[in-house]
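Coordinates in review
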Amino acid sequence: MSAPQPVTYASAGVDTDAGDRAVELMKGAVRATHGPQVLGGVGGFAGLYDAAALTAYRRPLLATSTDGVGTKVAIAQAMDVHDTIGFDLVGMVVDDIVVVGARPLFMTDYIACGRVVPERIADVVRGIAAACSVAGTALVGGETAEHPGLLGPDEYDVAGAATGVVEADELLGPDRVRAGDVLVALGSSGLHSNGYSLVRRVVQVAGWGLDRHVDELGRTLGAELLEPTRVYAADCLALVEQFGADRVHVFSHVTGGGLAANVARVLPPGLVADVDRAAWVLPPVFSLVQGLGAVPWSDLENTLNLGVGMVAVVAPEVADDVQRAARALGMPAWVLGTVRDARDDDATAPGVVAGTKGVQGGAVRLHGSYRTA
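Note that the structure is predicted; figures quoted are calculated from it, not measured.

The rules behind these values
- Residues numbered from 1 in each chain as written.
- Predicted model: local features only at pLDDT ≥ 70, side-chain atom pairs only at ≥ 80, totals over all residues.
- Heavy atoms only, no water.
- 1 Å grid on protein atoms, 1.4 Å probe; cavity = no way out; pocket = protein on both sides within 12 Å on 5 of 7 lines; lining within 4 Å.
- Points joined across faces, edges and corners; volume = space filled by probe spheres on them.
- Helix = DSSP H or I, 4+ residues; strand = E, 2+ residues; numbered from the N terminus.
- Axes fitted to C-alpha atoms, helices over the stretch in contact; angles between N-to-C directions.
- Parallel < 35°, antiparallel > 145°, perpendicular 65-115°, else oblique.
- Left-handed = near helix turned anticlockwise from the far one by under 90°.
- Contact = heavy atoms within 4.5 Å.
- Nonpolar A, V, L, I, M, F, W, Y, C, P; charged D, E, K, R; others polar.
- Buried < 20%, exposed > 50% of the residue type's maximum accessible area, 1.4 Å probe, protein only.
- Phe/Tyr/Trp six-rings, centres within 6.5 Å; stacked < 30°, edge-to-face > 60°.
- Lys NZ or Arg CZ within 6 Å of the ring centre and 35° of its normal.
- Disulfide = S-S within 2.5 Å.
- Pairing = 2+ DSSP bridges.
- Salt bridge = Lys/Arg side-chain N within 4 Å of Asp/Glu carboxyl O.

On to the layout of surface pockets, then. Of the pockets and cavities examined, the second largest pocket occupies roughly 250 Å³. Taken together, 19 residues make up the lining of the second largest pocket; nearest its centre are Q37, Y49, R103, L105 and G136. Elements supplying a minimum of two residues to the lining of the second largest pocket: β4 (103-113) and α7 (233-243). The element that contributes the greatest number of residues to the lining of the second largest pocket is β4, accounting for 3 residues.

So, in structure tokens, the structure goes:
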């Protein structure tokens with residue numbers, strides 16, 4: 001009987017040397033997000049952040065969020081473009097924190113892959129680091145895990161978590177919202193990172209390739225689908241700093257569930273936001289998905305952001321100024337609607353969304369028809 005071949009970690013599909021090479025390729029980008037508050041550099045067991053500045057707060061509240069990118073990573077893998085998906089990850093995480101007015105302090109990431117390709121992993125992390133710089137947050141650590149047999153050799157998934165801080169008496173939330181408040185939309189950069197299972201299914205059924213040039217989009221389908229998520233955190237905080245928490249009452253990050261469901265989460269019970277579907281023109285990618293897949297409009301608006309990535313709920317006297325300030329920061333902005341007291345007929349009216357994500361708060365009443373380009 002012949003001697004068995006020795007089984008090594010490498011023969012099982014895990015290349016620790018490749019992981020080390022990936023770290024060497026990415027660490028410059030990660031260090032670029034570090035200020036003096038970050039201690040220990042890259043590669044430690046734990047990321048260290050000096051919280052001494054929090055002693056200046058009267059009552060600091062820590063805010064935390066975690067998320068991933070979802071099936072948009074399949075588009076990145078199909079196109080072999082990996083340096084933008086980090087913006088999607090960071091946007092999904094830090095922009096949930098900023099909803100309550102918290103400043104994101106630091107973030108960590110996690111990448112699971114079937115095989116470590118150092119250049120590919122480094123591209124992903126470089127994108128995360130670049131987005132952290134835009135958000136004004138430090139990337140203090142992360143993990144790359146090789147899972148052969150669980151993921152294909154060219155497959156990966158990404159997730160992350162971030163922590164922020166807000167002064168207790170400056171916390172934004174539903175308790176600040178009043179009847180008469182105005183909803184100011186902050187435009188999305190495209191599909192962002194939600195609803196890609198629907199979008200990918202539509203593309204599959206239509207038989208379109210990612211390299212197909214689409215005149216309505218002015219570029220290939222793949223380039224449009226891979227458009228990075230807009231990262232709002234720093235700009236939203238700038239609006240709060242300019243106008244104050246007594247006038248910028250709360251933000252709503254429009255992610256899974258669509259516009260109405262996410263706005264309803266930040267309204268208190270007894271208030272309804274009237275949103276006019278005709279208040280803006282849908283960016284072409286949304287009407288393309290709808291037409292290509294004959295997607296019911298109700299399904300579309302319950303899944304995709306439809307061009308609105310963030311909503312600021314503000315006092316009416318500053319609504320015009322908030323729009324101007326947002327545009328000066330490079331964000332398209334317009335009025336979506338207003339907040340009012342609930343009426344008896346709201347419970348049975350068409351287009352009313354409430355009670356989503358387990359939040360028994362206010363409601364959103366959609367009316368009118370969408371305008372397409």
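What follows is about the packing of helix α3 (residues 85-97) against helix α4 (residues 118-135). Axis separation between α3 and α4 bottoms out at 7 Å; the angle between their running directions is 45°. When the interaxial angle is binned, α3 and α4 end up oblique. The chirality of how α3 crosses α4 is right-handed. Here α3 contributes I85, G86, F87, L89, V90 and V94 to the contact with α4, which in turn contributes V124, G127, I128, A130, A131, C132, V134 and A135. Of the residues that constitute the contact of α3 with α4, the class distribution is 12 nonpolar, 2 polar and no charged.

We now examine unusual backbone geometry. Not every positive phi belongs to a glycine, and D80 is a case in point at roughly 55°. Taking the relative accessible area as the measure of exposure, D80 reaches 56% and is therefore exposed. Backbone geometry at L306 places phi at a positive 55°, although glycine is not the residue there. Positionally, L306 belongs in the loop between α10 (297-301) and β13 (308-314). A relative accessible area of 3% places L306 in the buried class.

Next up on the list: the packing of aromatic side chains. All chains considered together, the criterion is met by 4 aromatic pairs. Arranged with centres 5.1 Å apart and planes meeting at 40°, the rings of Y49 and F106 form a pair that is tilted. Of the two residues, Y49 sits in strand β2 (residues 48-49) while F106 sits in strand β4, which places them 57 residues apart along the sequence. Residue F106 is classed as partly exposed on the basis of its relative accessible area, which comes to 23%. Connected via pairs of aromatic rings, a cluster forms that spans W280, W297, W334 and Y370. In this structure, R212 is placed above the aromatic ring of W208, and the distance from its NZ or CZ to the ring centre is 4.0 Å.

Counting across every chain of the model gives 0 disulfides. C113 takes part in no disulfide bond, and the closest cysteine sulfur to it belongs to C132, at a distance of 19 Å. Looking at the unpaired C236, the closest cysteine sulfur is the one in C132, lying at 16 Å. Accessibility expressed as a relative area gives 0% for C236, which makes it buried.

Reading across from one edge, β10-β13-β7-β14-β11-β16-β15 is the order of the 7 strands in this open sheet, with mixed pairing throughout. The strands lining the two open edges of the sheet, one partner per strand, are β10 (248-253) and β15 (352-354). Going from strand to strand, the sheet's axes swing by 25° on average, the running direction of each strand aside. In the sheet, β15 pairs with strand β16 (residues 363-367) via 3 bridges, with the strands oriented antiparallel. Across the sheet, the residue bridging to V352 is R365, located in β16.

Among the structural elements, T163 can be located in strand β6 (residues 156-167). Among all residues touching T163, those that are not within four sequence positions of it are L62, A63, T64, I97, R103, P104, L105 and F106.

This part takes up the pattern of salt bridges. Using the criterion set out here, one finds 16 salt bridges in the structure. Notably, a salt bridge pairs R219 with E224, separated by 3.0 Å at the nearest N-O pair. R365 is paired through a salt bridge with D346; the nearest N and O atoms lie 2.9 Å apart. Of this pair, R365 sits in strand β16 while D346 sits in the loop between β14 (333-341) and β15, and the two are 19 residues apart along the sequence. For the residue pair R365 and D346, the accessibility class agrees, reading buried in each case. What emerges from the salt-bridge pattern is a single network uniting D274, R340, R343, D345, D346 and R365.

Strand order in the open sheet formed by 4 strands is β3-β6-β4-β5, and the pairing between neighbours is mixed. Each edge of the sheet is formed by a strand with only one pairing partner; in this case those strands are β3 (60-68) and β5 (138-146). On average, each strand axis in the sheet is inclined to that of its neighbour by 15°, with strand direction left out of account. In terms of strand pairing, β4 meets β6 through 10 bridges, oriented antiparallel. If you follow P104 over to β6, its bridge partner there is G164. Together, β4, β5 and β6 form the strand contacts of α4, whose direction differs from that of β4 by roughly 165°.

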